[in-house]
Amino acid sequence: MALDDRDADKQKAFTRRAAIIGGGQLSLFAVLAGRMYYLQVIESQEYEILAEENRVNVRLLPPLRGEIVDRFGEKLASNRQNFRVVLIPEQTDDVTATLDKLEEIVPITERTRKRILREVKQKRGFVPLTVAENLEWETFAEINIQTPDLPGLQPEVGDTRHYPYGEDLAHVVGYVAAVTDKDLKGRRDPLLQLPGFRVGRSGVERMLESELRGRAGNSRVEVNAFGRVIRELAKDPGTPGDEVVLTLDMDIQGYATERVRGESASVVVMDVITGELVAIVSAPGFDPNLFNIGLSQAEWDGLTNNELNPLVNKTLAGQYPPGSTYKMIVALAALESGAITAERLITCTGKVKLGSHEFHCWKRGGHGPVSLVQAIKQSCNVFFYETGKRVGIDKIEEMSRRFGLGDEVAIDMAGEKPGMVPSRGWKRATTGIAWQQGETLNASIGQGYVLVTPLQLAVMSARIANGGQGVRPWLVRSVGGRQRTPPQIVPMGINPRHLQLVQAGMNAVVNVPGGTAFRSRLPLEGKSMAGKTGTALVRRITREERARGVTKNSDLPWKYRDHALFVGYGPVENPRYSISVIVDHGGGGSSAAAPVAKDIMTRVLARDPMGMAAYEQKAPGNDVSQLVPRADGPGKGEQG
Amino acid sequence: MVLEAISRSGRLSLVDKLYEINWGFILLITAIAAVGFAMLYSAADGSFDPWASRQMVRFAMGMAILFVFAMIDPRIWLQLAYPAYGFALLLLIAVEFAGTTGMGATRWINLGVIQLQPSELMKITLALALARYYHTLEQDRVSHPLFLLPALAFIALPVALVLRQPDLGTALLLSVVGVSIIFMAGLSWRYIVAAGAAALAAIPVVWEFLHPYQRERVFTFLDPSRDPLGAGYHTTQAKIALGSGSVWGKGFMEGTQSHLNFLPEKQTDFIFVMLAEELGLMGGIALLALYTTLLGFALMVAVGARHQFGRLLVAALAVNFFLYVFINVAMVMGLIPVVGVPLPLVSYGGSAMLVILAGFGLLMSVYVHRGQELPRGGGLL
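Residues numbered from 1 in each chain as written. Chains lettered and ligands numbered in written order. Predicted model: local features only at pLDDT ≥ 70, side-chain atom pairs only at ≥ 80, totals over all residues.

Undergrad: Talk me through the overall build of chain B; I want residue IDs and the actual numbers.
TA: A count of helices and strands for chain B gives 15 helices and three strands. By residue count, 46% of the 381 residues in chain B fall in the buried class. Pairs at least 24 apart in sequence give 70% of the contacts found in chain B among residues at least 6 apart. (Helix = DSSP H or I, 4+ residues; strand = E, 2+ residues; numbered from the N terminus. Buried ≥ 20, exposed ≤ 12 C-beta atoms within 10 Å, placed from the backbone. Contact = placed C-beta atoms within 7 Å.)

So, in structure tokens, the structure goes:
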């Protein structure tokens, strides 16, 4: 019994203590339940969002950039597959080691490596960075196999811009290039953050960037903790960029490019009725695909240090003295103001004296008595010295401006230079000295202060050919299927008879023996070209050079030789196309520029791109190739 | 009638013993384990392989041990208490010399067939040894310093060895279980207050002895964002999983955090989070309710025992079990630092399952033989 008593003590003590322990356990469990309630009920929404963020990854899908096609649907800028590798810095502990490993498969230049390491610091860890792109399929496949050993690297297939015609269109279509820090400033479009994204840097690509870019889509995917995609939850494919149809005819563009290959030259062909540009060539060009891929330093130096200036679009930004091609303006100014008449003869003795200065005709001994038409045909300087003297610089300036000189004329192209049409006011304002009559004489033959661009010359020529309609050049026919309305054409109010006189002179230049471009008449039945040659003096032969035996312009170093110019239009009877050709430092207009114009105009008139059905927007199911025009025009296609 | 017969004869036949087993308790254990099977099935994306099936086999083995232990007379356990403690202590020492190292700590000993974790064994043998000690000690001596010292030594020896492995979590568990036995034996409150004060004072000292990885855990616990992809990742992702589970959960096998692997260790230490993500607050509370019922039953068994050995043994086992549950759940909910403690009967893992069920075997032994008295002097001999 004694044992029982003692155990009763123990039991009493134990029961009390056990109750305390049990109570403690229960209250601690209550704490757990409270915590669960807090997390799962009170803060639940916040954690639900976090769980969704964990699980769902939104990927931006870059839209397909709109294609650029010529008036017949020929692709001038399209897209092709681009195999590339991107790096997601936060998925690797050691960027350098990862790059080292990749380098065993793909060479990585020091420059690329530096760029990546810089971007790793600048951007957030989950932003993918392009490491290598435009990879060969074999290399890409190899990287795909090695992915498990390349932490942070992801092989991707993207789209990249492709310019099938390369340098033929470099200046017109332009190019795309990687996004720079400048592009990112102030712009929130998340597309710009995508690796490998490209923006238009020049030409149409730049001008119509927002239309071509399209709207980004996105893909919501479920990912696991390692970032592996489990399934796609939702997808918005986005909207591809608009297709841009240009007024150009790639056939003519390509031919013209080929014709002036090796020269520093420009060619502009335009429709004199609508103002549509058929071809616009600045030579030499460059390969726009290189800018997309990224130029090496050597390639860049090769472009910038080239004395032929391949990066400059000379058709818009090249400013040249018009030389004798300016004589039509002087003639029209004189006719309109009544300073001369059609019948008026002026005797050319080979030179004109003004004070102590002598102004020479290009023909020693002179042309004798010449009329306006003959003066244009033979490009007599003395006739125009005299005419210019009578009409005065003010009227010449006014007529120049009516023909689109001295100011930007293009409707939808950027980077155009205005050229220069001098005036009394301008001279006094810039030099403080009054206008001299000798300067009027110089201007009368397109020398001195006057400067024009090849595009302006084509416009001038078009306005002469179309009977004084103030046509302006344009390049973009439609964007995303929406036709661009052609610019309104305002009649210039010039007496048609005066224009006919000038046209007769230009016809004689090419088609009458003795004309300065008679050798460049067209080899076509029933179709001919009218035109005017021009030679723009770059530098006189100095006395010392003459002493050393340099007597001909072609003996000078290339960059001091004269520019060769030609403006024209065709067909003569029913003008449709105007052309301007400038061969930089090519020598004489009749020998260097007119033959180029002849070949190109021959092609243009034989093909007559404006007479063909242009590319219309594809109807669903329609094959584009069926829309490529045939010479026999629309409606005559065979059935089936 | 039966009980009277037992108290008279002092002996029960095997059939009697089987009859005396509390089958409700067995059902409760099985229910908790079944929750584990279901979660392991879900963790493997709807497959019994590789976890659920193996866990079932281990559970069956553990149940066999439970039944065998339940049949053994507490008097035998009383006899075995000290030798078993001594054996476990020897194994802990052996780990020092011949242990297998894993994850930076030496905790296992390779016995050829199985990997044994002596510290797990010690959790039971320490309870046995202390229960026996206080069983024999006269009640008025419990608070005498001279008789307190052996009890503290029983605790200190294995704790010191476990700390050397190093395994802070187990050392703490052992200490708390040991101290709780002393507490339930009736130690004077004076000591308890003094010990509490001393423990608080010792925190800076303990801090000095902590390994860097252990300190890091404490830091990360205090501020999980300081290492969102490293140590804090577990805590953060576990909280997201729990919170997003909301009241009713995302549905069985529908937990995004668990199935997309954001949740680490989902089949072992973090299995409670997976349950709470898929079955919500309701599922979590239900499991806690099952545990509470189980602990309540254990305390009833302890109070109903007619000898101090049984009372203290069962209560200590209950405390041990409670600590497992509490530490695990508090850890996954971000209430305490991350320590490697499994959720008993639910987490995947053989060693813990066997030890827990063996402990319940002892509990059941006390229950089955609850009519017996046990003389202070000893058992059968």
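Undergrad: Report on the overall build of chain A, specifying residues and quantitative values.
TA: Across its full length, chain A holds 23 helices and 23 strands. The buried share of chain A, reckoned over its 640 residues, is 43%. A fraction of 74% describes how many contacts in chain A between residues 6 or more apart in sequence connect residues 24 or more apart.

Undergrad: Hey, could you go over the sheet that holds strand β8 (residues 217-223) of chain A for me, with residue numbers and the actual values?
TA: Residue and element names in this part refer to chain A. Read from one edge of the open sheet, three strands run β1-β8-β9, paired in antiparallel fashion. Each of the sheet's edge strands pairs with one partner strand only, and the pair in question is β1 (56-61) and β9 (229-236). For this sheet the average axis-to-axis angle between neighbouring strands, irrespective of direction, equals 25°. With six bridges joining them, β1 and β8 adopt antiparallel strand pairing. Counted as the bridge partner of L60 is N218 from β8. (Pairing = 2+ DSSP bridges. Axes fitted to C-alpha atoms, helices over the stretch in contact; angles between N-to-C directions.)

Undergrad: Describe in detail the nonpolar core, supporting the description with residues and values.
TA: Of all hydrophobic cores here, the largest spans 126 residues; its most connected members are V267(A), V269(A), I579(A), A593(A) and I600(A). Residue assignment places this core across two domains, with domain 1 (57-246) and domain 2 (258-287 + 298-326 + 403-437 + 447-611) of chain A each supplying three or more. The residues touching V269(A), leaving out its near neighbours within four places in the chain, are I252(A), V278(A), A279(A), Y577(A), I579(A), I600(A) and V604(A). Core analysis: the next-biggest nonpolar cluster, separate from the first, contains 121 residues, Y47(A), L299(B), I327(B) and Y367(B) among them. (Core = buried A, V, L, I, M, F, W, Y, C linked by C-beta atoms within 7 Å. Domains from an automatic or database assignment.)

Undergrad: Tell me about the interface of chain B and chain A, and please be specific about residues and values.
TA: With 43 residues of chain B at the interface, the matching set in chain A holds 36 residues. Sorting elements by how many residues they give to the side of chain B that touches chain A places helix α13 (residues 271-304) of chain B first, with eleven residues.

Undergrad: Hey, could you go over the sheet that holds strand β12 (residues 277-283) of chain A for me, with residue numbers and the actual values?
TA: Hydrogen bonding along the main chain pairs the strands of a sheet, whether they run parallel or antiparallel. All names here are of chain A. Across the sheet, which stays open at both edges, the five strands sit in the order β12-β11-β23-β22-β21 with antiparallel pairing between neighbours. Each having just a single partner strand, β12 and β21 (530-536) make up the two edges of the open sheet. Adjacent strand axes in the sheet meet at a mean angle of 10° when their direction is disregarded. One ladder, built from six bridges, connects strand β11 (residues 265-271) with β12; its direction is antiparallel. Paired with V267 across the bridge in β12 is V281. Each of β11, β22 (563-570) and β23 (577-583) is contacted by helix α20 (residues 454-465), which is oriented at about 145° to β23, the strand it contacts most. Its contacts with the sheet put helix α23 (residues 589-607) on β11, β12, β21, β22 and β23, and the angle it makes with β22 is roughly 30°.

Undergrad: Outline the confidence of the model for chain B, listing residues and values.
TA: Residue and element names in this part refer to chain B. Chain-level pLDDT for chain B is 87 on average; 89% of the residues reach the 70-or-more range. Averaged over each element, pLDDT in chain B is lowest for helix α1 (residues 2-9) (49) and highest for helix α3 (residues 23-43) (96). Of the regions scoring below 50 in pLDDT, residues 5-9 engages in three contacts with residues more than four places distant in sequence or in other chains. At the level of chain-chain contacts, confidence expressed as ipTM amounts to 0.91, with global pTM at 0.68. (pLDDT = per-residue confidence, 0-100.)

Undergrad: Got a sec to walk through the packing of helix α5 (residues 74-98) of chain B against helix α7 (residues 145-163) of chain B? Specific residues and values, please.
TA: All names here are of chain B. Axis separation between α5 and α7 bottoms out at 10 Å; the angle between their running directions is 20°. Accordingly, the angle class assigned to the pair α5 and α7 is roughly parallel. You can see that α5 and α7 cross each other, and the crossing is left-handed. Contacts from L89, L92 and I93 in α5 reach L157, P158, L161 and V162 in α7. Here the residues of the contact of α5 with α7 are counted per class, giving seven nonpolar, no polar and no charged. (Parallel < 35°, antiparallel > 145°, perpendicular 65-115°, else oblique. Left-handed = near helix turned anticlockwise from the far one by under 90°. Nonpolar A, V, L, I, M, F, W, Y, C, P; charged D, E, K, R; others polar.)

Undergrad: Describe the packing of helix α6 (residues 118-136) of chain B against helix α15 (residues 350-368) of chain B, naming the residues involved and giving the relevant values.
TA: To describe two helices that pack against each other, one gives the angle between their axes and the distance between the axes. All names here are of chain B. Two elements in contact, α6 and α15, have axes separated by 10 Å at closest approach and are oriented at 10°. Here α6 lies roughly parallel to α15, going by the angle between them. Facing E120, L121, K123 and I124 of α6, the residues of α15 in contact are S351, A352, V355, A358 and G359. Along the lines of polarity and charge, the residues of the contact of α6 with α15 split into five nonpolar, two polar and two charged.

Undergrad: Account for the environment of G169(B), with residues named and values stated.
TA: Within the secondary structure, G169(B) is located in helix α8 (residues 168-184). Measuring from C-alpha to C-alpha, the distance between G169(B) and I327(B) comes to 9.4 Å, with 158 residues separating the pair along the chain.

Undergrad: Explain the pairing of strand β3 (residues 75-87) of chain A to me, and be specific about the residues and the numbers.
TA: All names here are of chain A. Alignment of strand β2 (residues 68-69) against β3, held across two bridges, turns out to be antiparallel. Each bridged residue has a counterpart across the sheet, and for I68 the counterpart in β3 is A77. The hairpin turn running from β2 into β3, its antiparallel successor, is five residues long, and G73 in that turn takes a positive phi close to 90°. Both β3 and strand β5 (residues 153-162) contribute to a ladder of ten bridges, which runs antiparallel. Bridge pairing in β5 places V86 opposite Q154. Judged from the three bridges that link them, β3 and strand β4 (residues 129-132) form a sheet pairing that is antiparallel. Note that in β4 the partner of L87 across the bridge is L129.

Undergrad: Tell me about the pairing of strand β18 (residues 476-479) of chain A, residues and numbers included.
TA: All names here are of chain A. When strand β10 (residues 244-246) meets β18, the two strands line up antiparallel, connected through three bridges. Opposite L246, over in β18, you have V476 as the bridge partner. Taken together, the two bridges between β18 and strand β19 (residues 482-483) define a ladder with antiparallel strand orientation. Looking at β19, one finds that S478 is bridged to Q483. In textbook terms, the turn of a hairpin is the stretch between consecutive antiparallel strands, and for β18 and β19 this stretch comprises two residues, one of which, G480, has a positive phi near 60°.

Undergrad: Tell me what's going on with the confidence of the model for chain A, and back it up with residues and numbers.
TA: Mean pLDDT for chain A: 87, with 95% of residues reaching 70 or above. The model gives residues 618-640 of chain A a pLDDT under 50, and that stretch makes 14 contacts with residues more than four places away or in other chains.

Undergrad: Outline unusual backbone geometry, supporting the account with residue identities and numerical values.
TA: In this model, A283(A) is joined to P284(A) through a cis peptide bond whose omega is -5°. Its location among the elements puts P284(A) in the loop between β12 and α11 (288-293). Along the chain, D49(B) connects to P50(B) via a cis peptide bond; the corresponding omega equals 5°. As for its position among the elements, P50(B) is in the loop between α3 and α4 (52-71). Phi angles above zero are rare outside glycine, and N309(A) is one such case at about 50°. Mapped onto the secondary structure, N309(A) falls in the loop between α12 (297-304) and α13 (314-317).

Undergrad: Hey, could you go over the environment of V366(B) for me, with residue numbers and the actual values?
TA: Residues and elements named next belong to chain B. As for its placement among the helices and strands, V366 is situated in helix α15. In this structure, the C-alpha to C-alpha distance between V366 and G310, residues 56 residues apart in sequence, is 5.8 Å. With residues near it in sequence (within four places) discarded, V366 still touches P74, V301, A305, G310, L313 and V314.

Undergrad: Describe the environment of N381(A), naming the residues involved and giving the relevant values.
TA: Residue and element names in this part refer to chain A. Positionally, N381 belongs in helix α16 (residues 381-391). Sequence separation between N381 and C361 is 20 residues, and the spatial gap between their C-alpha atoms is 4.8 Å. Contact partners of N381, with chain neighbours within four places excluded, come to H360, C361, W362 and I445.

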